[in-house]
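Report on the structure
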Amino acid sequence: MNDEHLAELLSNDAVVYGATQIFDALSDFTRFQILSALLEGSKSVSELQEICHVSQSAISHQLRLLRDRSLVSARRSGQRVIYSLSDDHVGLLIGIGLEHAAEPEEGE
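Just so we're clear, the structure is a prediction, and the values are computed from it rather than from any experiment. Residue numbers run consecutively from 1 along every chain, following the written order of its sequence. It should be noted that, the model being predicted, local features are given only for residues of pLDDT at least 70 and side-chain atom pairs only at 80 or more, the latter also being counted only at that level, while totals for whole chains, interfaces and linings use all residues. Values reported for side chains reflect all heavy atoms of the structure, with hydrogen atoms and water molecules removed beforehand.

1. Examining unusual backbone geometry
Here is the rule we go by: Numbering goes from the N terminus for both helices and strands, where a helix is a DSSP run of H or I of at least four residues and a strand is a run of E of at least two.
Although it is not a glycine, H53 adopts a positive phi angle of roughly 60°. Secondary-structure assignment places H53 in the loop between α4 (45–52) and α5 (56–68). Positioned with a positive phi, S70 is a non-glycine residue whose angle comes to about 60°. Looking at where S70 falls in the secondary structure, it is placed in the loop between α5 and β2 (72–77).

This is the structure:
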């Protein structure tokens, strides 16, 4: 991304607010687990519940927030709702966050 495009995005309050909402969503451990699980492919609520070890209502609540932030999308498959990452940007954010967190701190 070039400096001019970045400056344009930063001057748009709605875009900056949207970005802060995305990072807020990523800051929760359960939501980060859900997004990480969806990196491997689409999953139902019950599959996510098994992975995250939280109640179905907690998973549903977190998925609702992630959908509101356009980080996940949902589709019906019979009685089940199947969730997936909304686009490749979400996977990049997860990957970059994990790589940054794994870097040794200065002085180590």
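From this point on, the discussion continues.
2. Side note on the packing of helix α3 (residues 29–39) against helix α6 (residues 88–102)
To keep things clear, this is the line we draw: Helix axes use the C-alpha atoms of the stretch in contact, all axes being lines fitted to C-alpha atoms, and the angles between their N-to-C directions lie in the range 0 to 180 degrees. Note that the term roughly parallel is reserved for angles under 35 degrees, roughly antiparallel for angles over 145, roughly perpendicular for angles of 65 to 115, and oblique for everything else. Here is the rule for handedness: rotate from the far helix to the near one, and if that takes an anticlockwise turn smaller than a right angle the crossing is left-handed, while a clockwise turn gives right-handed. Whether two residues are in contact is decided by their heavy atoms, any of which lying within 4.5 Å being enough.
α6 packs onto α3 with a crossing angle of 115° between their chain directions and a minimal axis gap of 10 Å. Taken as axis vectors, α3 and α6 run roughly perpendicular relative to one another. Crossing of α3 against α6: the hand is left-handed. Mapping the contact onto sequence places F32, L35, S36 and L39 in α3 and V90, G91, I94 and L98 in α6.

3. Details of the sheet that holds strand β1 (residues 43–44)
The condition is simple: We call two strands paired when DSSP finds no fewer than two bridges between them.
Spatial ordering of the open sheet is given by β1-β3-β2, a layout of three strands whose pairing is antiparallel. The sheet terminates laterally at β1 and β2, the two strands that pair on one side only.

4. Considerations on the side chain of R31
Which entries qualify depends on this criterion: In this scheme, a residue with accessible area under 20% of its type's maximum is buried, one over 50% is exposed, and one in between is partly exposed, where area comes from a 1.4 Å probe on protein chains only. Asp and Glu count as negative and Lys and Arg as positive, but His and the ends of the chain are not part of the count. Each reported salt bridge corresponds to a side-chain nitrogen of Lys or Arg within 4 Å of a carboxyl oxygen of Asp or Glu. Side-chain atoms alone can form a polar contact between residues adjacent in sequence; in general such a contact is a pair of N or O atoms within 3.5 Å, and within protein one must be able to donate a hydrogen while the other accepts it.
Relative to the helices and strands, R31 resides in helix α3. Despite its burial, R31 pairs with no opposite charge; the closest candidate is D28, at 4.2 Å N-O. At a separation of 2.8 Å, a polar atom in the side chain of R31 contacts the side chain of Q62.

5. Side note on the nonpolar core
As a reminder of what qualifies: Working definition of a nonpolar core: buried Ala, Val, Leu, Ile, Met, Phe, Trp, Tyr and Cys residues. They are joined through side-chain atoms within 4.5 Å.
Ranked by internal contacts, the top residues of the largest apolar core, which has 19 residues, are I34, L35 and L63. Among the elements of the structure, α2 (13–26), α3, α4, α5, β3 (80–85) and α6 are those that each provide at least two residues to this core. Excluding residues that lie within four positions of it along the chain, I34 makes contacts with L48, C52, I59, Q62, L63 and L66.

6. Digging into a nonpolar patch on the surface
Test applied: What makes a patch is a set of residues exposed beyond 30% relative accessible area and free of salt bridges, joined within 9 Å when like-charged and within 5 Å when nonpolar (Val, Leu, Ile, Met, Phe, Trp, Tyr). We get accessible surface area from the Shrake-Rupley algorithm with a probe of 1.4 Å; when it comes to residues, only the shown protein chains can shield them.
Together, M1, L6, L10 and V16 give the surface a local cluster of nonpolar side chains, amounting to about 410 Å² of exposed area. Within the secondary structure layout, M1 lies in the segment before α1 (3–10). Among the residues examined, M1 registers a relative accessible area of 72% and is labelled exposed.

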